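The primary structure of each chain is shown beneath.
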Amino acid sequence: MKTLMIVLLLGISHAHAAFERAAHGARGTAMGGVPIALADNEWAAFVNPAALRTINERTVALFYAPRPFELKELAFIAAAYVEPTSVGCFGVAASRFGFELYRETRLAISFVEEITSGLCLGVGVTHYALSIADYGSASSLGVDVGMLMDVSDTFRWGVAASNLNAATIGQAKEKLPQQFATGVAFMPMTNATLTLSLSKDVRYPMEVRVGVEFVPVEALALRAGTSSDPSTLNAGFGVRLAFASFDYAFSSHGELGMTHAFSVLLRLGAW
């Protein structure tokens, strides 16, 4: 019975398709899911590879959601590494979702360069691997691109496309999500950021995500957000120390319940 419930939940939460664009990192989760124009995002390899360029020091990050919807079988874990260099910024990120009956694994490698002052272009390749009990496993490669532009000192615009080559997976040639997204980040004050992201899978309705981050003191960030599909309410906080940050987020789904997520980030210095 429990296994049946888990399979049904996988069907509900992944109704669009496997490997849907999901939040990686507690910061993005708390701000509604996938902020396309969010700066200093170590998980940008999964979201918008161009956003890596705002990171100017070597960074390692870990993300863990141990019991999505209170089910340990749906555990989600991810890791990211960012390496800024004199020729551009490289990023590597990996994630794993599911349990022994159903598991999704992703590995993304990306590179971004600042073309002109305030304009960054990024490109990446994502390896998708899917394993289903009694059905075997399959994998595929997708190409991702992104752009991030500083329109002004207080306004940033981003555009991203995932699986631009329309990759499929398995013998049935199931289409992997092919998504196009755009978003803005507005900084009305130096310690506040508002984000709006629109994402469109070629086969499904548009998703809308809104988020806010407020930093009352240098060591503390407060966050909140919402998304339209799935419909969730999100919130969380971050604590920043000299070379490390700890972030927490929760997401409330009207039908499936609560998900708690945690991130740890280490800043290892400039290249």
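Residues numbered from 1 in each chain as written. Predicted model: local features only at pLDDT ≥ 70, side-chain atom pairs only at ≥ 80, totals over all residues. Heavy atoms only, no water.

A. Inspection of the pairing of strand 6 (residues 136-152) at higher detail. Where strand 5 (residues 119-132) lies against strand 6, 14 bridges are found, and the strand directions are antiparallel. Each residue of the ladder has a partner; that of Leu130, found in strand 6, is Ala138. Between strand 5 and strand 6, which pair antiparallel and follow one another directly, the connecting turn spans 3 residues, one of which, Asp134, has a positive phi of 75°. Note: strand 6 against strand 7 (residues 155-162), 7 bridges, orientation antiparallel. The residue of strand 7 that forms the bridge with Ser152 is Phe155. Count of turn residues in the strand 6/strand 7 antiparallel hairpin: 2 residues. (Pairing = 2+ DSSP bridges. Helix = DSSP H or I, 4+ residues; strand = E, 2+ residues; numbered from the N terminus.)

B. Fine view of the layout of surface pockets. By volume, the largest pocket amounts to about 830 Å³. Around the largest pocket, the lining is made up of 33 residues, and of these Arg27, Asp40, Glu213, Arg223 and Arg240 lie nearest the centre. Contributions of two or more residues to the lining of the largest pocket are made by strand 10 (179-189), strand 11 (192-201), strand 12 (206-217), strand 13 (220-228), strand 14 (231-240), strand 15 (244-253) and strand 16 (257-267). Taken together, the residues of the lining of the largest pocket break down into 14 nonpolar, 8 polar and 11 charged. (1 Å grid on protein atoms, 1.4 Å probe; cavity = no way out; pocket = protein on both sides within 12 Å on 5 of 7 lines; lining within 4 Å. Points joined across faces, edges and corners; volume = space filled by probe spheres on them. Nonpolar A, V, L, I, M, F, W, Y, C, P; charged D, E, K, R; others polar.)

C. Fine view of the nonpolar core. Within the largest apolar cluster, 30 residues are counted, with the highest numbers of intra-cluster contacts made by Phe19, Ile36, Trp43, Phe46, Phe63, Phe76 and Leu176. Residue assignment for this core shows that the elements contributing at least two residues are helix 3 (44-47), strand 1 (59-65), strand 2 (76-85), strand 3 (88-99), strand 4 (102-116) and strand 5. Ala50, Ala51, Cys120 and Leu148 belong to the second-largest nonpolar core, a separate cluster that totals 13 residues. (Core = buried A, V, L, I, M, F, W, Y, C linked by side-chain atoms within 4.5 Å. Buried < 20%, exposed > 50% of the residue type's maximum accessible area, 1.4 Å probe, protein only.)

D. Up close: unusual backbone geometry. Despite not being glycine, Asp40 shows a phi value in the positive range, around 50°. Relative to the helices and strands, Asp40 is located in the loop between helix 2 (26-30) and helix 3. For Asp40, a relative accessible area of 44% translates into the label partly exposed. One non-glycine residue, Asp134, lies in positive phi territory at about 75°. Secondary-structure assignment places Asp134 in the loop between strand 5 and strand 6.

E. Spatial organisation of the confidence of the model for the protein. For the protein, per-residue confidence averages 89 on the pLDDT scale, and residues scoring 70 or more make up 91% of the total. In the model, residues 1-16 has pLDDT below 50 throughout and makes 26 contacts with residues more than four positions away in sequence or in other chains. (pLDDT = per-residue confidence, 0-100. Contact = heavy atoms within 4.5 Å.)

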